[in-house]
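# A look at the structure
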Amino acid sequence: MTFTEPAPLPQQPGRARPRIGRVVLATLGIILILILGAAGVWVLTHQQRVADQFTVWQFEPSTALASYADRSTMTDEGRFNFYASRPSIKATKAFDEKCASYVEDVGILGCYVHGERRIYLFDVTDDRLDGIEEVVAAHEMLHAVWDRMSDAEHDAVAPLLEAQAAARADDPTFVKTLEYYATAEPGERLNELHSIIGTEFVDVSPELEKYYSNYFSDRAVLVELHTTSNAIFTERQASIAQIVAQIGELKIGVDGDYASYNSGYDALNSDITNFNARADEGGQFTQQQFEAERVSLVSRQTELDALYTSIADRVTQYDGLVAQLDALNAEVADLNKSINIQRRTQGDSEQ
């Protein structure tokens, strides 16, 4: 048996390694570099947002702070800015170390401290003022938003804010508020308008409403909290003004009538003395004249006695109103204490 060497196999053409993989990898690498480059640019231009994100991740809001955010209807963006400012609730002494005002008779309930980018809130414990803390928290959150906005963003919203301010130029309370901030926070008009309008006025332009919807899901609910908590003061102020007006009117009437009563009785006593002297002399009157003068004197006395009774009644009413005024003043003083009205020194804060 012979062995025949098999014919050699035909040589296959050589196959180069496919290059498509390298092309894909290279393309993905370029895309990745572009993405990372774009991300790097975004980080460089949004450093505060990045820092805020880390702050929010690490911040653990208390139950009260979370409730403020919920009741004021803060959106995720509003809540982000609120928590990024590490809000804290403090009692009077600790609060005043951070938030202060040199303006007399002004209650400070919250502030946003620029240098720290932090919000401090006063601990309001009076149940009559339910809702006021949520409004203050929202007000300060909007300061935090303003602090993080660019100049271009400020310029875009500024005319919307000024238009709303102009529409309320005849509102004495609003004007007085702006006058206070012009003194307490000079140069921060737009900043304050941004917070005041956003938390206190329900009727704003559609453009501004759309803007605020970034931070509140139902701003009408927030404004209602402001209205109801503020009514505690406005209603008492109205009552005090009404009572003071009544007291003033009563005093004018009583003083005038009491002067008339005294002068009337002086004249009556003089006429009675004269009448009695003439009657004692005899022959000064006919019976008809005597009776007529006597009736006139008695009638005058009756009228003066009735005037005195009226004066006495009004004095009793006056005293009652004074007692009501004292009670209202005491209640307002207690409420003022609840909203932290006291002497302070100027501080570096947005209120």
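Residues numbered from 1 in each chain as written. Predicted model: local features only at pLDDT ≥ 70, side-chain atom pairs only at ≥ 80, totals over all residues. Heavy atoms only, no water.

## As for the overall build of the chain
Assigned secondary structure in the chain consists of 12 helices and 3 strands. Taken over 351 residues, the chain has a buried fraction of 35%. Within the chain, residue pairs in contact and separated by at least 24 positions form 76% of the contacts whose partners lie at least 6 positions apart. Surface exposure of the chain reaches about 21,100 Å², of which carbon and sulfur atoms provide 56%. (Helix = DSSP H or I, 4+ residues; strand = E, 2+ residues; numbered from the N terminus. Buried < 20%, exposed > 50% of the residue type's maximum accessible area, 1.4 Å probe, protein only. Contact = heavy atoms within 4.5 Å. Areas by Shrake-Rupley, 256 points an atom, 1.4 Å probe, with all protein chains shown as cover.)

## Observations concerning the state of the cysteines
One pass over the full model with this rule turns up 1 disulfide. The residue that forms a disulfide with C99 is C111, at a sulfur-sulfur distance of 1.8 Å. Disulfide C99 to C111: torsion about the S-S bond roughly -65 degrees, handedness left-handed. You can see C99 sitting in the loop between α5 (92-96) and β2 (110-113) and its partner C111 sitting in strand β2, a full 12 residues away along the chain. The pair formed by C99 and C111 is uniform in burial state, with each residue classed as buried. (Disulfide = S-S within 2.5 Å.)

## Brief notes about the confidence of the model for the chain
Mean pLDDT over the chain works out to 86, with 83% of the residues at or above the 70 mark. This model gives residues 1-25 a pLDDT under 50, and the stretch forms 0 contacts once residues within four places in sequence are excluded. Low confidence marks residues 344-349, where pLDDT is under 50. Its contacts with residues over four positions away, or in another chain, come to 22 contacts. (pLDDT = per-residue confidence, 0-100.)

## Some words on helix α9 (residues 189-200)
Spanning 12 residues, α9 covers 16 Å between terminal C-alpha atoms, matching the ideal 16 Å at 1.5 Å per step. Most of α9 sits out of view: 9 of its 12 residues are buried. Among all positions of α9, only N191, E192, L193, H194, S195, I196, I197, G198 and T199 are buried. Buried residues belonging to α9 abut α6 (132-148), α7 (151-167), α8 (172-184), α10 (206-212) and α11 (219-281). (Expected span 1.5 Å × (residues − 1).)

## Some remarks on the side chain of T75
Along the chain, T75 turns up in the loop between α3 (63-71) and α4 (76-84). One polar contact links the side chain of T75 to the main-chain carbonyl oxygen of N214, over a distance of 2.5 Å. Setting aside anything within four residues of it in sequence, one finds T75 in contact with S213, N214, Y215, F216 and S217. (Polar contact = N/O pair within 3.5 Å; in protein donor to acceptor, adjacent residues only side chain to side chain.)

## Regarding the sheet that holds strand β3 (residues 118-122)
Strand order across the open sheet formed by 3 strands is β1-β3-β2, with mixed pairing between neighbours. The open sheet has two free edges, formed respectively by β1 (88-90) and β2, since each of these has just one partner strand. Ignoring which end each strand starts from, the neighbouring axes of this sheet average 25 degrees apart. Bridge count for β2 against β3 is 4 bridges, and the pairing is antiparallel. Bridging from a neighbouring strand, C111 pairs with Y120 of β3. (Pairing = 2+ DSSP bridges. Axes fitted to C-alpha atoms, helices over the stretch in contact; angles between N-to-C directions.)

## A short note on the pattern of salt bridges
This model, assessed by the stated rule, comprises 18 salt bridges. We note a salt bridge from E134 to R71, for which the minimum N-O separation is 3.1 Å. Residue E134 is found in helix α6, and its partner R71 is found in helix α3; the two are separated by 63 residues along the sequence. The salt bridge involving E162 is made with R189; its shortest N-O contact spans 2.9 Å. (Salt bridge = Lys/Arg side-chain N within 4 Å of Asp/Glu carboxyl O.)

## Topic: the packing of helix α2 (residues 47-58) against α4
Between two packed helices, what matters for the description is the angle formed by their axes and the separation of those axes. Two elements in contact, α2 and α4, have axes separated by 9 Å at closest approach and are oriented at 80 degrees. Classified by the interaxial angle, the pair formed by α2 and α4 is roughly perpendicular. Seen from α2, the contacting residues are R49, D52, Q53, T55 and V56; seen from α4, they are E77, F80, Y83 and A84. Here the residues of the contact of α2 with α4 sort into 4 nonpolar, 2 polar and 3 charged. (Parallel < 35°, antiparallel > 145°, perpendicular 65-115°, else oblique. Nonpolar A, V, L, I, M, F, W, Y, C, P; charged D, E, K, R; others polar.)

## Structural notes on the packing of aromatic side chains
With the rule as written, the count across this model stands at 14 aromatic pairs. Seen from their ring centres, Y261 and Y265 are 5.1 Å apart, and the 65 degrees between their planes marks the pair as edge-to-face. Here Y261 and its partner Y265 are both found in helix α11, 4 residues apart, which amounts to about one turn of the helix. No difference in accessibility class separates Y261 from Y265, as the two residues are buried. Three or more aromatic residues link up through ring pairs in this structure, and these residues are Y258, Y261, Y265 and Y308. If you follow R49 out to its NZ or CZ, it ends over the ring of F80, 3.9 Å from the centre. Above the face of the F201 ring, R168 is positioned so that its terminal group lies 4.0 Å from the ring centre. (Phe/Tyr/Trp six-rings, centres within 6.5 Å; stacked < 30°, edge-to-face > 60°. Lys NZ or Arg CZ within 6 Å of the ring centre and 35° of its normal.)

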